[in-house]
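# Working through the structure, step by step
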2 protein chains.
Amino acid sequence: MQNSEALGLTAALLAVAGDLTQRIHDGVVARGFEGRPAYGFAFTRLAPDGATVTELARHLGVTKQGASQLVDELVAKGYVERRPHPRDARARLIVLTDRGWACTRAAEEAAAEVIRGWSGALGGEAEVRALREQLARIAPYGPIRPAW
Amino acid sequence: MQNSEALGLTAALLAVAGDLTQRIHDGVVARGFEGRPAYGFAFTRLAPDGATVTELARHLGVTKQGASQLVDELVAKGYVERRPHPRDARARLIVLTDRGWACTRAAEEAAAEVIRGWSGALGGEAEVRALREQLARIAPYGPIRPAW
DNA sequence: CCATATAGTCAACCAGCTTGACCATCTTCT
DNA sequence: AGAAGATGGTCAAGCTGGTTGACTATATGG
């Protein structure tokens, strides 16, 4: 692997990631929801049983104040609500509302739509599955990180 | 392709992209350069012959004012310089300095180092090349977009 | 039951963009 | 040639989405 090839792979990966994010966002907006891409990452942690602000912060790789501001936004838009935590009076459980679930499903549909388009470029569904498995092997654990 | 699989592929792709970006950045810093990931995207457009602020702005998908501020940063850190444009007195040609080239090579090395690590997880270099080719097929044209 | 750790919020601040206004220069049309 | 509009770039102001720091309330271990 020469260094220039490494840059080419990096560029392709980040271009695909940015494009996918943008198109999922567009698809979600087209289905009648407003927001920004960060919402999706929050939703994957909040579904299915909710999470505390601190857990969400760790998942997103931001401070708990930052996560709390994001939750404020989500509450204002009606996607989540803050409930008392059943086993810890200090904490609050952030859970998806019905509208939050609907938005999550819209994101899934939009993602599936984009990825279906990849089948043509790659040759078929089998190749898409292979890509998914390869990426899963090199995907890290730990908090989500912005791609740049 | 079920919707939930689409989300899994999306999550894996964005996790890999974010992790790769972070580790390239770490590698560049470890080699004695300071900056942020956006620098790398600017460098790929400025090499090898330079570019105007407006061209850079289009490449990065930001306004020309935003690109100009980035160039201010790069000038202050000694990575690029503004020269008079040879064929247009309104424009300026932004070109990499020696230090800018050195930083670019450091980023290439860091990227190659990370990607070498993928060979183990994927089974070999051939699989890495296959991944590169698949991604190149679905990579879009147009400006770079932040992944979120 | 006290000492310390943890969950969450409020306030102030900052980085990295945006929009709007503007000037200099290039290009096109008559 | 000269006017009119398009284009390259900058300055200034403002916004968004995060940060750090200080604080309160509750939980937990000795």
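For the structure, check the block above.
Quick look at the structure, then. Values in this document were obtained by computation on a predicted structure and should not be read as measured data. (Residues numbered from 1 in each chain as written. Chains lettered and ligands numbered in written order. Predicted model: local features only at pLDDT ≥ 70, side-chain atom pairs only at ≥ 80, totals over all residues. Heavy atoms only, no water.)

### Notes on the protein's contact with DNA strand D
Neighbouring DNA strand D are 19 residues, the closest being Thr63(A), Gln65(A), Lys64(B), Ser68(B) and Arg90(B). Near the protein, meaning within 4 Å, the atoms of DNA strand D are sugar or phosphate in a fraction of 56%, with bases accounting for the rest. With respect to DNA strand D, the side chain of Arg36(A) contributes an N or O atom lying 3.0 Å from a phosphate oxygen. In this structure, a base oxygen belonging to DNA strand D sits 2.5 Å away from a side-chain N or O atom of Gln65(A). Elements with a minimum of two residues in the surface near DNA strand D: α4 (64-76) of chain A together with α3 (53-60) and α4 (64-76) of chain B. Of the residues assigned to the surface near DNA strand D, the class counts are 4 nonpolar, 8 polar and 7 charged. (Near = heavy atom within 4 Å. Polar contact = N/O pair within 3.5 Å; in protein donor to acceptor, adjacent residues only side chain to side chain. Helix = DSSP H or I, 4+ residues; strand = E, 2+ residues; numbered from the N terminus. Nonpolar A, V, L, I, M, F, W, Y, C, P; charged D, E, K, R; others polar.)

### Considering the protein's contact with DNA strand C
Residues in contact with DNA strand C amount to 20 residues; listed here are only the nearest, Lys64(A), Ser68(A), Arg90(A), Thr63(B) and Gln65(B). Backbone atoms, meaning sugar and phosphate, form 56% of the atoms of DNA strand C found within 4 Å of the protein. Side-chain polar atom of Arg82(A) to a phosphate oxygen of DNA strand C: 3.2 Å apart, as the coordinates give it. Among the elements that make up the surface near DNA strand C, the one with the highest residue count is α4(B) (4 residues). Per-class residue counts for the surface near DNA strand C are 4 nonpolar, 8 polar and 8 charged.

### Focus on the interface of chain B and chain A
Listed as interface residues are 48 residues of chain B and, on the opposing side, 48 residues of chain A. Together chain B and chain A conceal approximately 5200 Å² of surface at their shared face, both sides included; 75% is due to carbon and sulfur atoms. Our count for the chain B to chain A interface comes out at 0 salt bridges. Mapped by element, the contributors of at least two residues to the side of chain B that touches chain A are α1 (3-30), α5 (98-122) and α6 (125-138) of chain B. Top element by residues in the side of chain B that touches chain A is α1(B). It accounts for 19 residues. For the side of chain B that touches chain A, the per-class residue count stands at 31 nonpolar, 7 polar and 10 charged. (Contact = heavy atoms within 4.5 Å. Buried area = accessible area lost by both parts, 1.4 Å probe. Salt bridge = Lys/Arg side-chain N within 4 Å of Asp/Glu carboxyl O.)

### As for the pairing of strand β2 (residues 92-96) of chain B
Remember that side chains alternate between the two faces of the sheet whenever the strand is regular. All names here are of chain B. Among the 5 residues that make up β2, 4 are buried, leaving the element largely enclosed by the rest of the structure. In this sheet, β2 lies alongside strand β1 (residues 80-84) in antiparallel orientation, the contact comprising 5 bridges. The residue of β2 that forms the bridge with Arg82 is Ile94. (Buried < 20%, exposed > 50% of the residue type's maximum accessible area, 1.4 Å probe, protein only. Pairing = 2+ DSSP bridges.)

### Here's the deal with the packing of helix α1 (residues 3-30) of chain A against α1(B)
Taken N-terminus to C-terminus, the directions of α1(A) and α1(B) make an angle of 130 degrees; their axes are 10 Å apart at the nearest point. In terms of orientation, α1(A) lies oblique with respect to α1(B). Crossing geometry of α1(A) relative to α1(B) is assigned as left-handed. Residues Thr10(A), Leu13(A), Leu14(A), Val16(A), Ala17(A), Leu20(A), Thr21(A) and Ile24(A) of α1(A) form the contact with α1(B), whose participating residues are Thr10(B), Leu13(B), Leu14(B), Val16(B), Ala17(B), Leu20(B), Thr21(B) and Ile24(B). By residue class, the composition of the contact of α1(A) with α1(B) is 12 nonpolar, 4 polar and no charged. (Axes fitted to C-alpha atoms, helices over the stretch in contact; angles between N-to-C directions. Parallel < 35°, antiparallel > 145°, perpendicular 65-115°, else oblique. Left-handed = near helix turned anticlockwise from the far one by under 90°.)

### Regarding the packing of aromatic side chains
In this structure the tally under the stated criterion is 8 aromatic pairs over all chains. On the numbers, 6.4 Å between centres and 45 degrees between planes, the contact of Phe33(A) with Tyr79(A) is tilted. One end of the pair, Phe33(A), is in the loop between α1 and α2 (38-46); the other, Tyr79(A), is in the loop between α4 and β1 (80-84), with 46 residues separating them in the sequence. As far as burial versus exposure is concerned, Phe33(A) and Tyr79(A) are alike and both buried. Relative to Tyr79(B), the ring of Tyr39(B) has its centre 6.1 Å away and its plane inclined at 70 degrees; by these criteria the two rings are edge-to-face. Taken as a pair, Tyr39(B) in helix α2 (residues 38-46) and Tyr79(B) in the loop between α4 and β1 lie far apart in primary sequence, 40 residues in all. (Phe/Tyr/Trp six-rings, centres within 6.5 Å; stacked < 30°, edge-to-face > 60°.)

### Some details on the relation of the copies chain B and chain A
Of the transformation superimposing chain B on chain A, the axial component is 0.0 Å and the angular component is 180 degrees, with the fit at an RMSD of 0.0 Å. With respect to symmetry, the two chain copies, as superposed, fit the operation of a two-fold axis. In this assembly, 100% of the residues forming the interface of chain B have copies in chain A that are likewise at the interface, indicating an isologous arrangement. (Least-squares fit on C-alpha atoms with pLDDT ≥ 70 in both.)

### Brief notes about unusual backbone geometry
Note: most residues except glycine have negative phi, and most peptide bonds are trans. In this structure, Pro48(A) follows Ala47(A) across a cis peptide bond, with omega equal to 0 degrees. Along the chain, Pro48(A) falls in the loop between α2 and α3 (53-60).

### Let's talk about the nonpolar core
In this structure, Val80(A), Trp118(A), Leu135(A), Val80(B), Trp118(B) and Leu135(B) are the most contacted members of the largest nonpolar core, which totals 88 residues. If we ignore the near neighbours within four places in the chain, the residues touching Val80(B) are Phe43(B), Leu46(B), Val71(B), Leu74(B), Val75(B), Ile94(B), Val95(B), Leu96(B) and Thr97(B). (Core = buried A, V, L, I, M, F, W, Y, C linked by side-chain atoms within 4.5 Å.)

### Quick word on the side chain of Ser119(B)
Looking at the element boundaries, Ser119(B) is found in helix α5. Apart from residues no more than four positions distant in its own chain, Ser119(B) is found in contact with Gly124(B), Glu125(B) and Val128(B).

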